[in-house]
Amino acid sequence: MNLPQSLFERPAVYQKTAAAFWEDEYISSQMLKNHLNPETEGASRKLSFIEESVTFICQTLPPADYPKLLDLGCGPGIYSELLTKAGYQVTGVDFSKRSIEYAKQAAAKQQLEIDYQQQNYLSLNLPEKYDLIIMIYCDFGALSAPDRQIVLQKMLAHLKLGGKILFDVFSLKKFQTIRETKNWHYVLENGFWSPKPYLELQQTLIYPQNITLEQSFILQKNQLTPYNIWTTFFDQHSLANEWKQYPVKVCAWFSDVAGHRDFDQQDTLAVLLEKTTDKT
Ligand SMILES: C[S@@+](CC[C@H](N)C(=O)[O-])C[C@H]1O[C@@H](n2cnc3c(N)ncnc32)[C@H](O)[C@@H]1O
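Trainee: Is there a simple way to think about the site of the ligand in this case?
Mentor: Close to the ligand lie 16 residues, the nearest being S44, G73, D94, N120 and I136. At 2.6 Å from an oxygen atom of the ligand is found a side-chain nitrogen or oxygen belonging to D94. At a separation of 2.9 Å, a nitrogen atom of the ligand approaches a polar backbone atom of I136. Along the lines of polarity and charge, the residues of the shell around the ligand split into seven nonpolar, seven polar and two charged.

Given below as structure tokens:
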């Protein structure tokens with residue numbers, strides 16, 4: 001087998017890999033299991049945290065004042081369901097077919113009216129505007145700098161004047177604990193990446209500007225499939241730089257989307273923004 005040069009080179013920052021991750025038929029089934037396990041943090045956070053987070057959202061941004069809520073990257077709808085039960089009119093957007101299908105069925109079973117849309121939020125196109133937009137579990141930092149600008153523009157285009165945006169990112173504090181590592185795993189069946197046997201070569205790489213790459217090469221028979229997962233870590237200063245040209249103001253900083261303010265302790269940073277003019 002000829003090994004590709006890419007195995008031995010550090011990819012350019014935020015270089016995308018061709019293989020689907022969230023949308024892949026098999027990987028998305030593994031991710032759905034992770035989302036729905038109330039005790040793990042694999043794809044959604046633990047259910048106890050999500051419940052605390054929903055309580056915080058309801059207290060800070062009550063459904064009476066912010067009735068129309070857009071949940072970007074809603075996954076199988078764990079937040080969307082709880083927020084609907086709390087009184088919001090929720091639209092959930094995710095590009096994973098498996099998650100959206102699961103979310104629609106789960107809502108129907110519970111007779112919850114939730115508008116689920118299978119869309120890429122980078123090309124978001126919805127006919128309505130919202131009072132509150134959330135994007136939870138650090139999706140923002142998984143995007144490249146140009147894509148982060150696109151998602152902010154999409155949010156603002158779908159937000160009413162005076163509407164709010166709540167989202168979180170991984171913190172610089174967490175970045176400081178990360179080291180470059182290399183690992184391999186030999187998996188015989190039903191692993192994360194494939195139901196068939198594979199060898200995984202895995203590495204964590206650190207890039208300038210507080211960026212990491214978690215890279216996996218999956219080797220199967222004559223095929224080598226790379227997956228790049230990028231993260232940018234932020235502090236308040238670098239995160240505020242992201243929206244400096246947009247009509248928003250910071251209402252509050254939190255250390256997570258449950259409203260804590262343990263800035264010296266937490267792996268995350270969360271911000272609540274308000275749209276200040278309608279010129280987007
Ligand atoms: C880390 S999970 C968080 C799910 C949910 N917000 C939660 O906290 O339970 C990220 C979600 O974003 C979705 N996602 C990632 N990139 C997306 C994109 N470009 N457009 C739409 N959804 C996306 C994934 O399919 C996944 O469901």
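Trainee: What's the story with the environment of T225 in this structure? I'm lost.
Mentor: Of note, T225 is situated in strand β9 (residues 223-232). For the pair T225 and P76, spaced 149 residues apart in the sequence, the C-alpha separation amounts to 26 Å. Those residues within four positions of T225 in sequence are excluded, and the remaining contacts are A19, S216, F217 and I218.

Trainee: Explanation requested: the pairing of strand β3 (residues 115-118) in the structure shown.
Mentor: As a general feature of sheets, a regular strand has side chains that alternate between the two faces. Both strand β2 (residues 89-94) and β3 contribute to a ladder of four bridges, which runs parallel. Within β3, the position partnered with V93 by the bridge is Q117.

Trainee: Teacher, can you tell me more about empty space enclosed by the protein here?
Mentor: Rolled over the atoms, a probe as big as a water molecule pinpoints where empty space is left. This model, assessed by the stated rule, comprises one cavity of 30 Å³ or more. Estimated volume of the largest cavity: approximately 30 Å³. Around the largest cavity sit W22, S28, M31, L32, H35, S96 and S99, which together line it. It is helix α1 (residues 25-36) that provides the largest number of residues to the lining of the largest cavity, a total of four residues. Here the lining of the largest cavity is composed, by residue class, of three nonpolar, four polar and no charged.

The rules behind each value
Residues numbered from 1 in each chain as written. Predicted model: local features only at pLDDT ≥ 70, side-chain atom pairs only at ≥ 80, totals over all residues. Heavy atoms only, no water. Near = heavy atom within 4 Å. Polar contact = N/O pair within 3.5 Å; in protein donor to acceptor, adjacent residues only side chain to side chain. Nonpolar A, V, L, I, M, F, W, Y, C, P; charged D, E, K, R; others polar. Helix = DSSP H or I, 4+ residues; strand = E, 2+ residues; numbered from the N terminus. Contact = heavy atoms within 4.5 Å. Pairing = 2+ DSSP bridges. 1 Å grid on protein atoms, 1.4 Å probe; cavity = no way out; pocket = protein on both sides within 12 Å on 5 of 7 lines; lining within 4 Å. Points joined across faces, edges and corners; volume = space filled by probe spheres on them.

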